[in-house]
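Each chain, written out:
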Amino acid sequence: MAGPQPHLKIDHDDLFSDEVEDYLAVQQNLRQSRSEAEPLAWWVRILYSNWFYLSLAAGVGAFLAWAIMEPFFSDDETQEDGIASVLFFPVVSAGVGLFLGASEGLICRNLGRAAWSALVGSAVGFVGGCILLIPINLLFAFSSGMAMEFGGDLGPEGMPQGLGLLILMMGRATSWSLLGIPAGIGQGLALRQGKMVLNGALGGALGGLLGGLLFDPLSIFLPTAAGEADLSRCVGFTLIGLMVGLFVGLIEGWTKNAWLLMKHGPLAGKQFVLHRDSTVLGSSPRCEIYLFKDPAIEPRHAIIHNRGGRFEIEDCDSPDGTWVNDRRVSGRTWLQSGDEIVLGQTVLEFSLRDTE
């Protein structure tokens, strides 16, 4: 049986030594600097919401792709538009994939990740769009034939009416939903995150579906000279991009299990969804969560591990340490929803969805 432990004695000189005073001053300054952080403005919260910047980026990508291809395309069946009619869908899908892939890296100031994700996103979008051309054309040809059969007399814009118009809209929406899938999965493939690929596929399909549903009504209400549908194509393709990005972001939010919210730091207001089994936080661009502009943060500062739905944080022997609720992490510490994590001057809040 162990004997009584000796008591630690601190005299007056130890208690009021310069080292103790300096340590207390540093801790007080840290607490004050974090408490002075003002509530985030509404526009900052929107700007860093992934549904917002993903939809904006994908919409711009679709619009630019349309602007590149439209001059080479004609609705006049007597004119040959050659390869433009074949490449229109793949180029739009590539444009969406390029901007969708680059957006996350650009928001996080990680140019290397942005460039790689943009390259993979555009390649997957273009190749996937080319592969899907055959089923898309077959599906649309079948739905167009059915629309003409059930549509009766054509409307003033040469469109079927009633049930025929509905069949045409559903056929186009289904075709465009297929187009949205390769546009939405590029970023997940680039980062090798299976859940992000699944979210991108589902978001892309839903976005393409909604964009396709609106194309034919737009062509009726936005008539152009000489029967050309360039304006409705512009709006329709841009809408595809917007909807793909919107649904990719929304589905990620709906399905996320654990995430970090930056409360104080250069990206205050940004959420980081914890997709991986191990997520590295640090000042290196190679980290999954890149924390820049903080000299107190090491290249690999801390790691958050997913242990079957429970999460723990590990400090990577950083000089300034990793703190959870004002307690320094020694080895590893389990995280609870609402815990405040401090690395240098960066403050993150851990959240865990209640699955019960």
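Structure: above.
Thresholds, definitions, all that
Residues numbered from 1 in each chain as written. Predicted model: local features only at pLDDT ≥ 70, side-chain atom pairs only at ≥ 80, totals over all residues. Heavy atoms only, no water. Phe/Tyr/Trp six-rings, centres within 6.5 Å; stacked < 30°, edge-to-face > 60°. Helix = DSSP H or I, 4+ residues; strand = E, 2+ residues; numbered from the N terminus. Buried < 20%, exposed > 50% of the residue type's maximum accessible area, 1.4 Å probe, protein only. Lys NZ or Arg CZ within 6 Å of the ring centre and 35° of its normal. Pairing = 2+ DSSP bridges. Salt bridge = Lys/Arg side-chain N within 4 Å of Asp/Glu carboxyl O. Contact = heavy atoms within 4.5 Å.

Student: Before we go on, may I ask you to explain the packing of aromatic side chains in this structure?
Tutor: One pair of aromatic rings is described through two measures. These are the centre distance and the angle between the planes. The tally for this structure, following the rule as stated, stands at 9 aromatic pairs. Aromatic pair F311 and F350: ring centres 5.7 Å apart, planes at 55°, arrangement tilted. Here F311 is found in strand β6 (residues 310-315), whereas its partner F350 is found in strand β11 (residues 346-352), with 39 residues between them in sequence. For the pair F311 and F350, one class covers both residues: buried. Over the ring of F272 we find K270; its NZ or CZ atom is 4.9 Å from the centre of that ring. In this structure, R310 packs its charged tip against the face of W334, placed 4.0 Å from the ring centre.

Student: Is there a simple way to think about the sheet that holds strand β9 (residues 332-334) in this case?
Tutor: The strands making up a sheet associate through backbone hydrogen bonding, with each pair oriented either parallel or antiparallel. In spatial order, the strands read β4-β3-β5-β6-β9; together these 5 strands make up an open sheet with mixed pairing. Taken across any chain shown, the strands that pair with only one partner, and hence form the sheet edges, are β4 (289-290) and β9. Direction of pairing for strand β5 (residues 302-307) relative to β6: antiparallel, over a ladder of 6 bridges. Within β6, the residue paired with N306 across the bridge is F311.

Student: Looking at this structure, how should I read the pattern of salt bridges?
Tutor: Charged atoms that come close allow side chains of opposite charge to pair. Enumeration over the complete set of coordinates arrives at 9 salt bridges. A salt bridge links R172 to D216, with the shortest nitrogen-to-oxygen separation between them at 2.9 Å. With R172 in helix α8 (residues 163-191) and D216 in helix α9 (residues 194-221), this residue pair connects regions lying 44 residues apart in the sequence. One exposure class covers both R172 and D216, and it is buried. When the shortest N-O distance is used, the salt bridge between E340 and K263 registers 3.7 Å. Of this pair, E340 sits in strand β10 (residues 340-343) while K263 sits in strand β1 (residues 258-264); the two residues are 77 residues apart in sequence, bridging distant segments of the chain. The exposure class of E340 is partly exposed, given its relative accessible area of 23%. Relative accessible area serves as the criterion here: at 37%, K263 is assigned to the partly exposed category. Three or more residues are tied together by salt bridges with common partners; here these are R307, E312, E314 and R332.

Student: How should I be thinking about the environment of V324 in this particular structure?
Tutor: Turning to its location among the elements, V324 is positioned in strand β7 (residues 322-324). Accessibility expressed as a relative area gives 8% for V324, which makes it buried. On a C-alpha basis, the gap between V324 and D339 in space is 6.6 Å, while along the polypeptide they are 15 residues apart. Filtering out sequence-adjacent residues up to four positions away, V324 remains in contact with I313, V329, L335, D339, E340 and I341.

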